[in-house]
Amino acid sequence: MTENRPAKPQKAALSGRQNLDPHLERYAARTAGMTASEIRALFAVASRPEVVSLAGGMPNLAALPLDTLSAQVAEIIAEDGLVALQYGSAHGVPVLREQICEIMALEGIKAHPDDVVVTVGSQMGLDMVTRLFCDPGDVVIAEGPSYVGALGSFAAYQAQVVHVAMDENGLVPELLREALIQAEKAGRRVKFLYTIPNFHNPAGVTLAVERRGEILEICREHGVLVVEDNPYGMLGFDGQTYPALRSTDPENVVYLGSFSKTFASGLRVGWVLAPHAVREKLVLAAESATLCPPTFNQMIVSRYLSTHDWKGQIKKFRENYRERRDAMLSALDQYLPPGCSWTKPDGGFYVWVTVPEGVDTKAMLPRAVTARVAYASGTGFYADGFGSRQMRLSYCYPTPERIREGVRRLAAVLESEMDLARTFGNVGSRQIQGPQNPSPDTV
């Protein structure tokens, strides 16, 4: 009789380390691309109260009318609880899809509610789009740097990311054309351009209006879909709303939207607006992923939109974030040492900082946390290892006073790193033996 024994732990690839996961050899090949982002790993430390966190992109929800919202939630349960707490459609609540079309109309988008698919946050929409279009080895063009959550989805589906540089006016059309031509010459299949045109995460820049048509034309010429991710579009500090890429080319643009930045991130309600044929496949993908998005959460958002001055609420958010942005830029001017540069966003949540040669922001991060300040290293926003001289600073959540103190602490750490670099050479080039971020499955 064969004795039932647990599978023997497999040896990890790294000599001297033992794998503790008996299922390692059973995983699909695509799981090799599923790794924890640097930013997620940072949150546990950055959330300590003594640390000024300039790392995370959490919206500041203090301006929300919580008393009104709590009453509305109670009304939904009392009046429509049997619907709100039941299964729903993978397509999304019809009235919310109509309201979403009204919101997108502010960006020049003409859309039918049938072509809107409600998702569990726009991250789910991005994941589904990647799943539908990308086979292993396919190419996704993305700005360099790019949103870390997007890079995670692309890696999970084994797509290869080719970054295209930006300047102060966003994605550079000439470099996009060059990247597409090079991919074609190499026989690589480019499936789509992923872009965040407004108040970019992490770079903070906005795609110039005069470039938008040119970029769409380049993508049409090369048969490349455009995936437009626009969570910050309503958060321009001067109240300006830019024309969406989707408004110009509805048949070749998939648009991702979200209520996470303009209402409540914890409800996890987003949407995808797609060409009709793509919409059908998105609904099927949503059914297989979640069966349906939470009806209750959608009804909360819908009730809020129909009964509250949501445009006035967004105006309050803009004012709060503008005050914090101003505090950040003022502190950077005051404290950061010579040789540093940064973007000056006119909306959104982020400033992108470049530090002098010889400083590695990833290597510096533990010293910064020791000094009780946290940021997001630039390397987490590239798929190819670049970004070691950059960092993302988020101003959306801390108070202006905390922002100024955080930048002051960060400047002191930077000064120390620059002194080390001048004395000993490039600090970031020192090699540490063994993996710096071991997997939880190895010891």
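Residues numbered from 1 in each chain as written. Predicted model: local features only at pLDDT ≥ 70, side-chain atom pairs only at ≥ 80, totals over all residues. Heavy atoms only, no water.

In the annotation of an unreviewed UniProt entry, the protein chain is listed under the name PLP-dependent aminotransferase family protein and assigned to Amycolatopsis heterodermiae. As stated in UniProt under Cofactor (unreviewed entry), the record for the protein chain gives "pyridoxal 5'-phosphate". (UniProt positions renumbered as here; feature names shortened; annotations may be inferred.)

Asker: For this particular structure, what's the right way to read the packing of helix 4 (residues 121-133) against helix 5 (residues 148-156)?
Answerer: Helix packing for two helices is described by the angle between their axes and how far apart those axes are. Taken N-terminus to C-terminus, the directions of helix 4 and helix 5 make an angle of 30 degrees; their axes are 9 Å apart at the nearest point. Here helix 5 runs roughly parallel to helix 4, going by the angle between their axes. Relative to helix 5, helix 4 is oriented so that their crossing is right-handed. Residues Gln123, Leu126, Asp127 and Thr130 of helix 4 touch helix 5, and the partners they reach there are Gly149, Ala150, Ser153 and Phe154. For the contact of helix 4 with helix 5, the per-class residue count stands at 3 nonpolar, 4 polar and 1 charged. (Axes fitted to C-alpha atoms, helices over the stretch in contact; angles between N-to-C directions. Helix = DSSP H or I, 4+ residues; strand = E, 2+ residues; numbered from the N terminus. Parallel < 35°, antiparallel > 145°, perpendicular 65-115°, else oblique. Left-handed = near helix turned anticlockwise from the far one by under 90°. Contact = heavy atoms within 4.5 Å. Nonpolar A, V, L, I, M, F, W, Y, C, P; charged D, E, K, R; others polar.)

Asker: Even after reading the chapter, I still don't get the sheet that holds strand 13 (residues 376-377), so can you show me in this structure?
Answerer: The pairing of strands in a sheet happens through backbone hydrogen bonds and is either parallel or antiparallel. One open sheet holds the 4 strands; their spatial order is 10-11-14-13, and the pairing between them is antiparallel. Across the chains shown, the open sheet's two edge strands, defined by having one partner strand only, are strand 10 (341-342) and strand 13. Direction of pairing for strand 10 relative to strand 11 (residues 350-354): antiparallel, over a ladder of 2 bridges. Within strand 11, the position partnered with tryptophan 342 by the bridge is valine 353. (Pairing = 2+ DSSP bridges.)

Asker: Looking at this structure, how should I read the pattern of salt bridges?
Answerer: Charged atoms that come close allow side chains of opposite charge to pair. For the structure on display, the rule yields 20 salt bridges. Put simply, arginine 303 and glutamate 79 hold a salt bridge, and the shortest N to O gap is 3.6 Å. Residue arginine 303 is found in helix 11 (residues 295-307), and its partner glutamate 79 is found in helix 2 (residues 66-84); the two are separated by 224 residues along the sequence. The exposure class of glutamate 79 is exposed, given its relative accessible area of 53%. The shortest N-O distance in the salt bridge between arginine 220 and aspartate 249 comes to 2.7 Å. Placement of arginine 220 in helix 7 (residues 209-221) and of aspartate 249 in the loop between helix 8 (245-248) and strand 8 (253-258) is noted, with a sequence separation of 29 residues between them. Classification of arginine 220 by relative accessible area gives partly exposed; the value is 39%. Judged by relative accessible area, aspartate 249 falls into the buried class, the value being 8%. (Salt bridge = Lys/Arg side-chain N within 4 Å of Asp/Glu carboxyl O. Buried < 20%, exposed > 50% of the residue type's maximum accessible area, 1.4 Å probe, protein only.)

Asker: Hey, could you run me through the side chain of asparagine 201 in this one?
Answerer: Here asparagine 201 is to be found in the loop between strand 6 (190-195) and helix 7. Separated by 3.4 Å, the side chains of asparagine 201 and tyrosine 232 make a polar contact. For asparagine 201, the residues in contact, after removing those within four places along its chain, are Ser146, Tyr147, Ile196, Tyr232, Tyr350, Phe381 and Arg392. (Polar contact = N/O pair within 3.5 Å; in protein donor to acceptor, adjacent residues only side chain to side chain.)

Asker: Would you mind showing me how to read the pairing of strand 2 (residues 116-119) here?
Answerer: Regular strands have side chains that alternate between both faces of the sheet. By the alternation rule, side chains of strand 2 split into Val116 and Val118 and Val117 and Thr119, which are all buried. Taken together, the 4 bridges between strand 2 and strand 9 (residues 270-273) define a ladder with antiparallel strand orientation. For valine 118, the partnering residue across the bridge sits in strand 9 and is tryptophan 271.

Asker: So what exactly am I meant to see when it comes to helix 7 here?
Answerer: Residues three or four positions apart in an α-helix share a direction because the helix packs 3.6 residues into each turn. Listed in full, the buried residues belonging to helix 7 are Arg211, Arg212, Ile215, Leu216, Ile218 and Cys219. Down the axis of helix 7, the buried side of the element spans an arc of 160 degrees, and every buried residue falls inside it. Exposed residues pointing more than 90 degrees away from the buried face of helix 7 are listed as Glu210 and Glu221. (Arc of directions from axis to C-beta.)

Asker: Any chance you could explain the sheet that holds strand 2 here in plain terms?
Answerer: Judged by pairing direction, the sheet is mixed, and its 8 strands sit side by side in the order 2-9-8-7-6-3-4-5 without closing on themselves. Two strands close off the open sheet at either side, each with one partner strand: strand 2 and strand 5 (170-171). Lying over the sheet, helix 3 (residues 94-105) contacts strand 2, strand 8 and strand 9, oriented at roughly 105 degrees with respect to strand 2.

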